[in-house]
Amino acid sequence: MDINQDRRDLMRNSALLGLAIITPSLPTFALTEQKANDGKEPEVTATEDLMREHGVIRRALLVYAETVPKLRQNASSVDPVALQQTAQLFRTFGEDYHEKMLEEEHIFPLVRKQGANLQHYVDVLTEQHQRGREITDYILAVTNAGKISSQHAEPLAKVFEGFVRMYENHAAREDTIIFPAWKTNFTDKQLDEISDQFEDIEHKMFGKDGFEEAEKKISNVEGALGLADLAQFTPPSPPKS
Ligand SMILES: [Fe+2]
Ligand SMILES: [Fe+2]
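1. So, the coordination of the iron ion (ligand 2)
Link 1 in the chain: Every protein donor of the iron ion (ligand 2) is accounted for by His 54 (NE2), His 98 (NE2), Glu 103 (OE) and Glu 174 (OE), and the metal-donor separations fall at 1.9 to 2.1 Å.
Link 2 in the chain: Here the iron ion (ligand 2) is ringed by 4 donor atoms whose angles at the metal span 82 to 164°, and the overall shape comes out irregular.
Link 3 in the chain: Along the chain, the residues that donate to the iron ion (ligand 2) are spaced as H-x43-H-x4-E-x70-E.
Link 4 in the chain: The two metals, the iron ion (ligand 2) and the iron ion (ligand 1), are separated by 3.3 Å and share Glu 103 as a common coordinating residue. Placement of His 54 in helix 3 (residues 46-74) and of Glu 174 in helix 6 (residues 150-183) is noted, with a sequence separation of 120 residues between them.
Link 5 in the chain: Given the relative accessible area of 0%, His 54 is considered buried.

Right under this line is the structure:
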């Protein structure tokens, strides 16, 4: 049965007959889809995999960004353990796995051959990986004590600001320019095979599901720093114009 076709038909009919009709049908569809997956984890495509890794990386960047004003206000109140854990996660999951094993090994070599513009992008992205590693070394060193000394507070705040700015731009260009360009080298079937290959690398590197573990780790850090509740980031309504 083509579930997507059925759902499209249902949507079209519901649009014609009014929304009320869709409600009783939803549980049936939820059950059908569950059966289709047969209890297995749904398939993650290679680029979805890379982008959800960026999601974990971005959450580490948000931890750094939230720490900046606290460092400037009262550095001794900042928990160095949570920052140390964030930097360790950035090292193992972000740098050693996502950057080195996937992007530098599989993505960049192909994209580099796809024209001068993309070649230039890959050069800059590779330099940024390198600068990021220097920065992670620094964060690991500065957060390796019982508390962050006042002498390190401002330099660390500046390093965080620079790193977040660089990496937000970095990941956004990869998501919208580099990964789509890379995908054009393959058929859907080949992309499926590459996705399995990426999963094997992940298992070899972490012994289990690296993404799930990384997501758990960043959740724990957010919890320790009072950043777990997403609603706190909703801004107030803007002034009436
Ligand atoms: Fe990258
Ligand atoms: Fe990336």
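2. Considering empty space enclosed by the protein
Link 1 in the chain: Applying the stated criterion to the full structure yields 1 cavity of 30 Å³ or more.
Link 2 in the chain: Taken as a whole, the largest cavity spans an internal volume of roughly 40 Å³.
Link 3 in the chain: Along its surface, the largest cavity is lined by Val 56, Ile 57, Ala 60, Leu 89, Phe 90, Phe 93 and Gly 94.
Link 4 in the chain: Where the lining of the largest cavity is concerned, the elements lending two or more residues are helix 3 and helix 4 (80-111).
Link 5 in the chain: No other element matches helix 4, which puts 4 residues into the lining of the largest cavity.
Link 6 in the chain: Residue composition of the lining of the largest cavity, grouped by class: 6 nonpolar, 1 polar and no charged.

3. Looking at helix 6
Link 1 in the chain: Compared with an ideal rise of 1.5 Å per residue, which puts 34 residues at 50 Å, helix 6 spans 47 Å between its outermost C-alpha atoms and is within 8% of the ideal.
Link 2 in the chain: The largest bend in helix 6 comes to about 45°, at Glu 174.

4. Description of the packing of helix 4 against helix 8 (residues 210-224)
Link 1 in the chain: Two elements in contact, helix 4 and helix 8, have axes separated by 10 Å at closest approach and are oriented at 160°. Here helix 4 is positioned roughly antiparallel relative to helix 8, judged by the angle of their axes. For the pair helix 4 and helix 8, the crossing hand works out as left-handed. Each of Ala 82, Gln 85, Thr 86, Leu 89 and Phe 93 in helix 4 lies in contact with helix 8, whose residues at this interface are Gly 210, Phe 211, Ala 214, Lys 217, Ile 218 and Val 221.
Link 2 in the chain: Across the contact of helix 4 with helix 8, the residue classes tally to 7 nonpolar, 3 polar and 1 charged.

5. Some details on the coordination of the iron ion (ligand 1)
Link 1 in the chain: All of the protein donors around the iron ion (ligand 1) are Glu 103 (OE), His 129 (NE2), His 170 (NE2) and Glu 174 (OE); their distances to the metal are 2.0 to 2.2 Å.
Link 2 in the chain: Viewed at the metal, the 4 donor atoms of the iron ion (ligand 1) are separated by angles of 83 to 179°, and the geometry they form is irregular.
Link 3 in the chain: Here the donor residues for the iron ion (ligand 1) map to a single chain with the spacing E-x25-H-x40-H-x3-E.

The rules we used
Residues numbered from 1 in each chain as written. Chains lettered and ligands numbered in written order. Predicted model: local features only at pLDDT ≥ 70, side-chain atom pairs only at ≥ 80, totals over all residues. Heavy atoms only, no water. Donors = N, O, S within 2.8 Å, 3.2 Å for Na, K, Ca; no water. Tetrahedral: all angles 85-135°; square planar, octahedral: opposite > 155°, others 65-115°. Helix = DSSP H or I, 4+ residues; strand = E, 2+ residues; numbered from the N terminus. Buried < 20%, exposed > 50% of the residue type's maximum accessible area, 1.4 Å probe, protein only. 1 Å grid on protein atoms, 1.4 Å probe; cavity = no way out; pocket = protein on both sides within 12 Å on 5 of 7 lines; lining within 4 Å. Points joined across faces, edges and corners; volume = space filled by probe spheres on them. Nonpolar A, V, L, I, M, F, W, Y, C, P; charged D, E, K, R; others polar. Expected span 1.5 Å × (residues − 1). Bend = angle between axes of the 7 residues up to and from the residue. Axes fitted to C-alpha atoms, helices over the stretch in contact; angles between N-to-C directions. Parallel < 35°, antiparallel > 145°, perpendicular 65-115°, else oblique. Left-handed = near helix turned anticlockwise from the far one by under 90°. Contact = heavy atoms within 4.5 Å.

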